[in-house]
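Report on the structure
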Amino acid sequence: MTRPQIEVFVCMNVNCRSRGAQATLERLKRQLKDRGMEHVKPASIICFAACNVGPNIVIPSRRCWLSGVLPEDVPDVVAYLEGQADVAHLQQHNDPALEEMIFDTIDAGLLDKGESE
Ligand code: FES
């Protein structure tokens, strides 16, 4: 059975990158591969305008924004993608107005997407 594709956007702009976003993305890609989750497609994004609470990850199909995501949080993110974990602890710094803006930007197709990883 083919599973629906899930895009996972990881900010790779300067602020998030300086806080470990590259290591987070690499660990995410490795864990997804190890678990056979090829239907989950990580992609680099150039800024969600939520720089002060980064590193940021957004999963559009779940209307889910995760902030302050460090490499050690990746197992929780993967478990969430598998439907087996709550990620509220990675949303405690989210600003509701900014969250609405992020999803409005995505819905309008205005997000500066990089290549799928
Ligand atoms: S640098 Fe990541 S949200 Fe701006």
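Now for a quick tour of the structure. (Residues numbered from 1 in each chain as written. Predicted model: local features only at pLDDT ≥ 70, side-chain atom pairs only at ≥ 80, totals over all residues.)

A closer look at the packing of helix 2 (residues 21-34) against helix 3 (residues 74-81)
For the record, the criterion: Angular values range over 0 to 180 degrees, each being the angle between N-to-C directions of two axes fitted as lines to C-alpha atoms, with helices fitted over their stretch in contact. Counting from the N terminus, the helices are the DSSP runs of H or I reaching at least four residues and the strands are the DSSP runs of E reaching at least two. For this classification, under 35 degrees means roughly parallel, over 145 means roughly antiparallel, 65 to 115 means roughly perpendicular, and everything else is oblique. Helix crossings fall into two classes, left-handed where the near helix is turned counterclockwise from the far one by less than a right angle and right-handed where it is turned clockwise. Throughout, a pair of residues is in contact if the C-beta atoms placed from their backbones lie within 7 Å. Each residue is assigned to one of three groups, with Ala, Val, Leu, Ile, Met, Phe, Trp, Tyr, Cys and Pro labelled nonpolar, Asp, Glu, Lys and Arg labelled charged, and all others, Gly among them, labelled polar.
Viewed as axis vectors pointing N to C, helix 2 and helix 3 meet at an angle of 45°, and their least axial separation amounts to 10 Å. In terms of orientation, helix 2 and helix 3 fall into the oblique class. Between helix 2 and helix 3 lies a crossing of right-handed hand. Along its contact with helix 2, which presents Thr24, Arg27, Leu28, Gln31 and Leu32, the element helix 3 presents Val74, Pro75, Val77 and Val78. Residue composition of the contact of helix 2 with helix 3, by class: 6 nonpolar, 2 polar and 1 charged.

Regarding helix 4 (residues 96-107)
Applicable threshold: Multiplying one less than the number of residues by 1.5 Å gives the expected span of a helix.
Taking 1.5 Å per residue as the helical rise, helix 4 with its 12 residues ought to reach 16 Å, and the 16 Å between its terminal C-alpha atoms agrees with that figure. Of the residues trailing helix 4, Gly109 is marked for its positive phi of about 75°.

Structural notes on unusual backbone geometry
Filter applied, for reference: Any residue whose C-beta has 12 or fewer other C-beta atoms within 10 Å is treated as exposed, any with 20 or more as buried, and any in between as partly exposed, C-beta atoms being built from the backbone.
For the bond running from Gly54 to Pro55, omega is -5°, close enough to zero to count as cis. Here Pro55 shows up in the loop between strand 2 (40-45) and strand 3 (57-59). Its identity as a non-glycine residue notwithstanding, Cys47 has a phi of 80°, on the positive side. Inspection of the secondary structure puts Cys47 in the loop between strand 2 and strand 3. Overall, the presence of 16 C-beta atoms within 10 Å leaves Cys47 in the partly exposed class. The backbone phi angle of Ala49 is positive, close to 65°, even though this residue is not glycine. By secondary structure assignment, the location of Ala49 is in the loop between strand 2 and strand 3.

A short note on the pairing of strand 1 (residues 6-11)
We count it as follows: Whether two strands pair comes down to DSSP finding at least two bridges between them.
Sheet topology note: the strand 1/strand 2 ladder contains 6 bridges and is parallel. Within the sheet, the bridge partner assigned to Val10 lies in strand 2 and is Ser44. Pairing analysis gives 2 bridges linking strand 1 to strand 3, with the strands arranged antiparallel. Across the sheet, residue Phe9 finds its bridge partner in strand 3, namely Val58.

Points about helix 3
One turn of an α-helix holds 3.6 residues; hence residues three or four places apart share an orientation. Our working definition: To obtain the arc, one takes the directions from the helix axis to the C-beta atoms.
Buried within helix 3 are the following residues: Val74, Val77, Val78 and Leu81. The buried side chains of helix 3 occupy one side of the element, clustering within an arc of 95° when seen end-on. Buried positions along helix 3 lie against strand 1, helix 2, strand 2, strand 3 and strand 4 (64-66). Two residues or fewer past helix 3, Gly83 is found with a positive phi of approximately 80°.

Things to note about the nonpolar core
Applicable threshold: Working definition: the nonpolar core is a set of buried Ala, Val, Leu, Ile, Met, Phe, Trp, Tyr and Cys residues, joined through C-beta atoms within 7 Å.
Core analysis: the largest hydrophobic core is formed by 25 residues, its most contacted members being Val10, Ile57 and Val77. Mapped onto this core, the elements with two or more residues apiece are strand 1, helix 2, strand 2, strand 3, strand 4 and helix 3. Not counting residues within four places of it along the chain, the set of residues in contact with Val77 comprises Leu28, Ile57, Leu66, Val69 and Val87.

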